Amino acid sequence: QDYPSGWKWMRAAAEQGLPYAQNYLGAAYSSGWGTKPDPKAAVQWFQAAKAQNFLPALNNLGWMTLRGQGGLTPDTAAGLKLIQPSGESYTLKKK
């Protein structure tokens, strides 16, 4: 796995505003894929993708909100509100 090369291209795509890349960087910072875990950076990237209504980012940000990670205040109602659209989308696709 070539994390430095992957990071270079994924960051470039995220900075260009591609929500898939923004969500990926959020997940990488959240989990420590190829970098030191940084929950605050994860939240920032998830929020950037959320601003474009990218459902996986809403889900990821919702879970971080539920847990109070990345400087977020733990909030069950707000977390579930973020997670709900991605769950509904999955349910609709399965029918």
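Description of the structure in this document. Please read all numbers here as calculations on a predicted model, not as lab measurements.

## Quick word on the overall build of the chain
And then number 1: Counting its regular elements, the chain contains 5 helices and 0 strands.
And then number 2: Ordered by position from N to C terminus, the α and β elements of the chain give α-α-α-α-α.
And then number 3: Taken against the 2.2 N^0.38 rule, which gives 12 Å for 95 residues, the C-alpha radius of gyration of the chain at 13 Å falls within 12% of a compact globule.
And then number 4: Its C-alpha atoms give the chain principal-axis dimensions of about 35 × 30 × 25 Å.
And then number 5: The buried share of the chain, taken over its 95 residues, is 33%.
And then number 6: Excluding contacts between residues fewer than 6 apart, the proportion of contacts in the chain whose partners are at least 24 apart in sequence is 35%.

## Overview of helix H1 (residues 3-15)
And then number 1: With 13 residues, H1 extends 17 Å from end C-alpha to end C-alpha; this agrees with the ideal 18 Å at 1.5 Å per step.
And then number 2: Within H1, burial applies to Trp 7, Ala 13 and Ala 14. Buried residues of H1, seen end-on, are gathered within an arc of 135° and therefore sit on one face of the element. Summarising the geometry of H1, the exposed residues directed more than 90 degrees from the buried face are Pro 4, Lys 8, Trp 9 and Glu 15.
And then number 3: Residues of H1 that are buried make contact with helix H2 (19-31) and helix H3 (39-50).

## Structural notes on a nonpolar patch on the surface
And then number 1: A cluster of nonpolar residues, Tyr 3, Tyr 20, Tyr 24 and Trp 33, forms a patch on the protein surface that exposes about 420 Å² of accessible area.
And then number 2: Residue placement: Trp 33 occurs in the loop between H2 and H3.
And then number 3: Using a relative accessible area of 36% as the deciding quantity, one classes Trp 33 as partly exposed.

## A word on the packing of H1 against H2
And then number 1: Here H1 crosses H2 at 130°, and the two axes come no closer than 8 Å. Of the possible angle classes, the one that applies to H1 and H2 is oblique. The handedness of the crossing between H1 and H2 comes out as left-handed. In this structure, H1 uses Trp 7, Met 10, Arg 11, Ala 13 and Ala 14 to contact H2, whose residues at the interface are Ala 21, Gln 22, Tyr 24, Leu 25, Ala 28 and Tyr 29.
And then number 2: Here the contact of H1 with H2 is built from residues that sort into 9 nonpolar, 1 polar and 1 charged.

Thresholds applied
Residues numbered from 1 in each chain as written. Predicted model: local features only at pLDDT ≥ 70, side-chain atom pairs only at ≥ 80, totals over all residues. Heavy atoms only, no water. Helix = DSSP H or I, 4+ residues; strand = E, 2+ residues; numbered from the N terminus. Rg over C-alpha atoms; globule rule 2.2 N^0.38 Å. Buried < 20%, exposed > 50% of the residue type's maximum accessible area, 1.4 Å probe, protein only. Contact = heavy atoms within 4.5 Å. Expected span 1.5 Å × (residues − 1). Arc of directions from axis to C-beta. Patch = residues over 30% accessible without salt bridge, like charges linked within 9 Å, V, L, I, M, F, W, Y side chains within 5 Å. Areas by Shrake-Rupley, 256 points an atom, 1.4 Å probe, with all protein chains shown as cover. Salt bridge = Lys/Arg side-chain N within 4 Å of Asp/Glu carboxyl O. Axes fitted to C-alpha atoms, helices over the stretch in contact; angles between N-to-C directions. Parallel < 35°, antiparallel > 145°, perpendicular 65-115°, else oblique. Left-handed = near helix turned anticlockwise from the far one by under 90°. Nonpolar A, V, L, I, M, F, W, Y, C, P; charged D, E, K, R; others polar.

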